[in-house]
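Descriptive structure summary
Now for the letters of each chain:
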Amino acid sequence: MKALIMSDSHGWEKEVVEVIDRHKDEVDAVFHCGDSELEKSSEALKDVFTVRGNCDFGSDFPEEIAETVKGTTFFVGHGHLLNVKLTEMNLIYKGEESQADIVCYGHTHVPAAVQEKNLVILNPGSMRLPRQYPVGTYVLLETEGKEISVDFYSLEGKRIDDLSKTFHKNG
């Protein structure tokens, strides 16, 4: 299973389409972790699992989603309602409640990937307004057997080695 995960594109439509088009033939699902600032009807978000961020005013997107793709369950929430700037505990609880394998969030604009309690928790960073990293980022996540690869990419499609990680499922 392979998924494209992005967040915090803040009004960028052309760039979202470019990233999706670059990987559409190799991924099984695309997730946007909020603050797209696009309408649900936007062609850029067609067939994209998208949640509402704190800058998505008046949007029809859900606050959170849990979606299973080829046996891998994702919990996705933007993070502003889960206090992600203070703690990861709410993400862990939501992941456990939804029996997720992968927990995705945005809001902080900081790319991160960690494993806690057999959950991979990741923030793909911000495409448009990166923090604590010099370029905008997104993630390609791949599961194969008990291995979960989280590869971060620049908007130009170059893999970012110092952010990318591989995790192993327990049990």
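Located above this text is the structure these notes cover.
Residues numbered from 1 in each chain as written. Predicted model: local features only at pLDDT ≥ 70, side-chain atom pairs only at ≥ 80, totals over all residues. Heavy atoms only, no water.

What follows covers the sheet that holds strand β2 (residues 29-32). Whenever strands of a sheet pair, they do so through backbone hydrogen bonds, lying parallel or antiparallel. Pairing is mixed in the open sheet, where six strands are placed in the order β3-β2-β1-β9-β10-β11. The sheet is open, and its two borders are formed by β3 (49-50) and β11 (165-168), each paired with just one other strand. One ladder, built from four bridges, connects strand β1 (residues 2-6) with strand β9 (residues 137-144); its direction is antiparallel. The residue of β9 that forms the bridge with L4 is L140. Where helix α1 (residues 14-23) meets the sheet, its contacts fall on β1, β2, β9 and β10 (147-154), and the angle it forms with β1 comes to roughly 170°. (Pairing = 2+ DSSP bridges. Helix = DSSP H or I, 4+ residues; strand = E, 2+ residues; numbered from the N terminus. Contact = heavy atoms within 4.5 Å. Axes fitted to C-alpha atoms, helices over the stretch in contact; angles between N-to-C directions.)

Next up on the list: the pattern of salt bridges. It is possible for side chains of opposite charge to pair when their charged atoms get near one another. In the structure shown here, the tally under the stated rule is nine salt bridges. In this structure, D151 and R159 form a salt bridge, with 2.9 Å as the shortest nitrogen-oxygen distance. Accessibility expressed as a relative area gives 17% for D151, which makes it buried. Connected through shared salt-bridge partners, D151, R159 and D161 make up one network. (Salt bridge = Lys/Arg side-chain N within 4 Å of Asp/Glu carboxyl O. Buried < 20%, exposed > 50% of the residue type's maximum accessible area, 1.4 Å probe, protein only.)

Considering all chains together, one arrives at one cavity of 30 Å³ or more under this definition. Empty space within the largest cavity amounts to approximately 40 Å³. Looking at the largest cavity, the residues that line it are R52, E63, E64, G77, H78, G79, H80, L81 and L82. In terms of residue class, the lining of the largest cavity is built from two nonpolar, four polar and three charged. (1 Å grid on protein atoms, 1.4 Å probe; cavity = no way out; pocket = protein on both sides within 12 Å on 5 of 7 lines; lining within 4 Å. Points joined across faces, edges and corners; volume = space filled by probe spheres on them. Nonpolar A, V, L, I, M, F, W, Y, C, P; charged D, E, K, R; others polar.)

Let us look at the environment of T50. Its location among the elements puts T50 in strand β3. For the pair T50 and T73, spaced 23 residues apart in sequence, the C-alpha separation works out to 15 Å.

What follows covers the pairing of β9. Burial within β9 is extensive, with six of its eight residues counted as buried. Relative to β10, β9 runs antiparallel, the two being bridged by eight bridges. Considered in β10, the bridge of E144 is made with E147.

What α1 keeps buried is the set E15, V16, V19, I20 and H23. The buried residues of α1 occupy an angular sector of 135° when projected down its axis, which confines them to one face. Packing partners of the buried residues in α1 comprise β1, β2 and β9. (Arc of directions from axis to C-beta.)

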